[in-house]
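The lines below spell out each chain.
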Amino acid sequence: MGGREIVRDGETGEAVVSGTTLSVRRALEWLADGGTVEALLSRHPGVAPADLSEALRFAARAVEREGAGGRSVVVDAGAYEAMRHQLAFLQGVCGGLADAAAGRVSLDALSGRGER
C-alpha cells in the first residue's frame, strides 16, 4: 500500500510528504536518534504509516542514486538496528492496512478490539 508522494517544499526545497510539513530528512533524523514511529506519527497527525514508508523508500532511492561519493559511510550499529526494527514495524502496519482494504481482516481486528 503506497503512501503519499514525496515532493519538494516550495519554500525550503526539502523533500516532504505531500500535503504535510514532515520532511524526509526530519523523519530519518527522528528514527536515527531512536524516536519511535508511533511518536513521530503522533507529532504529525496527518501522516500515515504508509506515508512514512514512502519517505523511507524515497531516501533509499536517493542514497542509491548518490552513493557515498567514494567515501565510506559509517552507521552506528544501534541506530541501524533501531531503524531496521522501525521499518519492519511499518511494513507490518502497511500489510495490515492492505488486508483491511481487501476485506481480509477488519480494522477492529487490527487494533485488537475485535476478531477477524
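J.: Please clarify how the overall build of the protein should be interpreted in this entry.
T.: Across its full length, the protein carries 5 helices and 2 strands. Seen in sequence order, the protein has helices and strands lined up from the N terminus as β-β-α-α-α-α-α. In the protein, the proportion of contacts linking residues at least 24 apart, taken out of those at least 6 apart, comes to 49%. Of the roughly 7500 Å² of accessible surface on the protein, 53% is carried by carbon and sulfur atoms.

J.: What exactly am I supposed to notice about helix H1 (residues 24-32) here?
T.: The α-helix winds at 3.6 residues per turn, so residues separated by three or four positions along the chain end up facing the same way. The set of residues buried in H1 consists of Val-24, Ala-27 and Leu-31. Looking down the long axis of H1, one finds its buried residues gathered within 65° of arc, a one-sided arrangement. Trailing H1 by a residue or two, Gly-34 shows a phi angle of about 95°, which is positive.

J.: How do you make sense of the pattern of salt bridges when you look at a structure like this?
T.: Pairs can form between side chains of opposite charge whenever their charged atoms are close. Throughout the structure, instances matching the rule amount to 5 salt bridges. Across the pair Arg-4 and Asp-51 runs a salt bridge, and its minimum N-O distance is 2.9 Å. With Arg-4 in the segment before strand S1 (6-8) and Asp-51 in helix H3 (residues 49-66), this pair connects stretches of sequence that are 47 residues apart. Owing to a relative accessible area of 4%, Asp-51 belongs among the buried residues under this scheme. One salt bridge connects Glu-54 with Arg-61, and the closest N-O pair in it is separated by 3.7 Å.

J.: Please clarify how helix H4 (residues 77-101) should be interpreted in this entry.
T.: If you check H4, its first and last C-alpha atoms are 36 Å apart, about what 25 residues at 1.5 Å a residue would give, namely 36 Å. Among all positions of H4, only Ala-79, Gln-86, Leu-90, Cys-94, Gly-96 and Ala-100 are buried. Note on H4: the residue one or two positions beyond its end, Gly-103, has a positive phi of about 80°.

J.: Whenever I open this one, the side chain of Asp-51 confuses me. Can you help?
T.: Within the structure, Asp-51 has its side chain in polar contact with the backbone nitrogen of Arg-4 (distance 2.7 Å). Non-local contacts of Asp-51, meaning those with residues more than four positions away in its chain, are made with Gly-3, Arg-4, Val-17 and Gly-46.

J.: What am I meant to see in the nonpolar core here?
T.: General note: in soluble globular proteins, nonpolar side chains tend to be found buried as a group. If you look at the biggest cluster of nonpolar residues, it comprises 17 residues, and the most contacted ones within it are Ile-6, Leu-22, Val-24, Val-37 and Leu-52. Broken down by secondary-structure element, the contributors of at least two residues to this core are strand S2 (15-17), H1, helix H2 (37-43) and H3. Ignoring sequence-local partners within four residues, the contact set of Val-37 consists of Leu-31, Leu-52, Gln-86, Phe-89 and Leu-90.

J.: What's the story with the environment of Ala-98 in this structure? I'm lost.
T.: Positionally, Ala-98 belongs in helix H4. You can call Ala-98 partly exposed: its relative accessible area is 24%. The spatial distance from the C-alpha of Ala-98 to the C-alpha of Gly-2 is 9.6 Å, given a sequence separation of 96 residues.

J.: What's the story with the environment of Leu-41 in this structure? I'm lost.
T.: As for its placement among the helices and strands, Leu-41 is situated in helix H2. Note: C-alpha distance between Leu-41 and Leu-22 (19 residues apart in sequence) is 9.9 Å.

Cut-offs and rules
Residues numbered from 1 in each chain as written. Predicted model: local features only at pLDDT ≥ 70, side-chain atom pairs only at ≥ 80, totals over all residues. Heavy atoms only, no water. Helix = DSSP H or I, 4+ residues; strand = E, 2+ residues; numbered from the N terminus. Contact = heavy atoms within 4.5 Å. Areas by Shrake-Rupley, 256 points an atom, 1.4 Å probe, with all protein chains shown as cover. Buried < 20%, exposed > 50% of the residue type's maximum accessible area, 1.4 Å probe, protein only. Arc of directions from axis to C-beta. Salt bridge = Lys/Arg side-chain N within 4 Å of Asp/Glu carboxyl O. Expected span 1.5 Å × (residues − 1). Polar contact = N/O pair within 3.5 Å; in protein donor to acceptor, adjacent residues only side chain to side chain. Core = buried A, V, L, I, M, F, W, Y, C linked by side-chain atoms within 4.5 Å.

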